[in-house]
Amino acid sequence: VVAGPVFNPAAPPAAAAEAEHEYEIVVCHMNVIRYFVCRALQLPPEAWLRYRGDNCGITELVIHPSGRVSLGRFADNGHLPIEKWTFH
């Protein structure tokens, strides 16, 4: 599982010299995304119930070289015309 070491505060930060930027794309159900966002931001796992996201949205977690995690965007669907927006 890719998410394991990323969310472990005791894990050493990745070597910033190896790659300036690295992207991992995960396509999955919004419930999984909401859960991962909570874990990444060190929120209680049950907090995922407080998030509502639109389908086909883009969520971006930024993992800084220090290991700090920030939420760049959540369920952003600005790439879709408004008539294509759906939610759950």
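First things first, this report covers the structure right here in the doc. Just so it is clear, the model here is predicted, and its values are computed rather than measured. Here the residue index of a chain counts from 1 through its sequence in written order. This being a predicted model, a pLDDT of at least 70 is required before a residue's local features are given, and a value of 80 or more before pairs of side-chain atoms are given or counted; all residues contribute to the totals for chains, interfaces and linings. With hydrogens and water excluded, all non-hydrogen atoms of the structure serve as input to the side-chain values.

**What to know about the packing of aromatic side chains**
Each Phe, Tyr or Trp ring (for Trp, its six-membered ring) is paired with any other whose centre lies within 6.5 Å, and the angle between the two planes then decides the class: stacked below 30 degrees, edge-to-face above 60, tilted in between. Inspection of the entire model under this criterion finds 2 aromatic pairs. Considering the side-chain rings of Tyr51 and Phe74, the 5.1 Å spacing of their centres and the 45° angle between planes classify their relative orientation as tilted. In this pair, Tyr51 is assigned in the loop between helix H2 (30-40) and strand E1 (58-63) and Phe74 in strand E2 (residues 69-76), connecting sequence segments 23 residues apart. Each residue is placed in one exposure class: buried if its accessible area under a 1.4 Å probe, protein chains only, is under 20% of its type's maximum, exposed if it is over 50%, and partly exposed if it falls in between. On the accessibility criterion, Phe74 (21% relative accessible area) is partly exposed. Numbering of helices and strands runs from the N terminus, with a helix taken as a DSSP run of H or I at least four residues long and a strand as a DSSP run of E at least two residues long.

**Observations concerning the environment of Ile25**
Relative to the helices and strands, Ile25 resides in the loop between helix H1 (3-6) and H2. Residue class for Ile25 comes out exposed when judged on its relative accessible area of 78%. When the C-alpha atoms of Ile25 and Ile58 are compared, they prove to be 9.9 Å apart, with 33 residues separating the residues in sequence.

**Structural notes on the environment of Tyr35**
Looking at where Tyr35 falls in the secondary structure, it is placed in helix H2. Relative accessible area serves as the criterion here: at 32%, Tyr35 is assigned to the partly exposed category. Sequence separation between Tyr35 and Tyr51 is 16 residues, and the spatial gap between their C-alpha atoms is 9.5 Å. Excluding anything up to four places from it in sequence, Tyr35 contacts Pro45 and Trp48. Contacts are assigned to residue pairs with any non-hydrogen atoms lying within 4.5 Å of each other.

**So, the pairing of E2**
Following DSSP output, two strands are said to pair if at least two bridges run between them. Note: E1 against E2, 5 bridges, orientation antiparallel. Within E2, the residue paired with Ile63 across the bridge is Val69. Counting the residues between successive antiparallel strands, the hairpin from E1 to E2 contains 5 residues, one of them, Gly67, with a positive phi of roughly 100°.

**Let's talk about a nonpolar patch on the surface**
Like-charged residues within 9 Å of one another, or nonpolar side chains (Val, Leu, Ile, Met, Phe, Trp, Tyr) within 5 Å, are grouped into patches, provided each residue has over 30% relative accessible area and no salt bridge. Residue-level accessible areas treat just the shown protein chains as cover; the underlying method is Shrake-Rupley with a 1.4 Å probe. In what follows, salt bridge is the name for a side-chain nitrogen of Lys or Arg lying within 4 Å of a carboxyl oxygen of Asp or Glu. A grouping of Val32, Tyr35 and Phe36 is seen on the molecular surface, where their side chains present a nonpolar patch of about 220 Å² in accessible area. On the secondary structure map, Val32 appears in helix H2.

**Here's the deal with the side chain of Asn77**
Counting through the fold element by element, Asn77 comes out in the segment after E2. The residues touching Asn77, leaving out its near neighbours within four places in the chain, are Asp54, Gly57 and Trp85.

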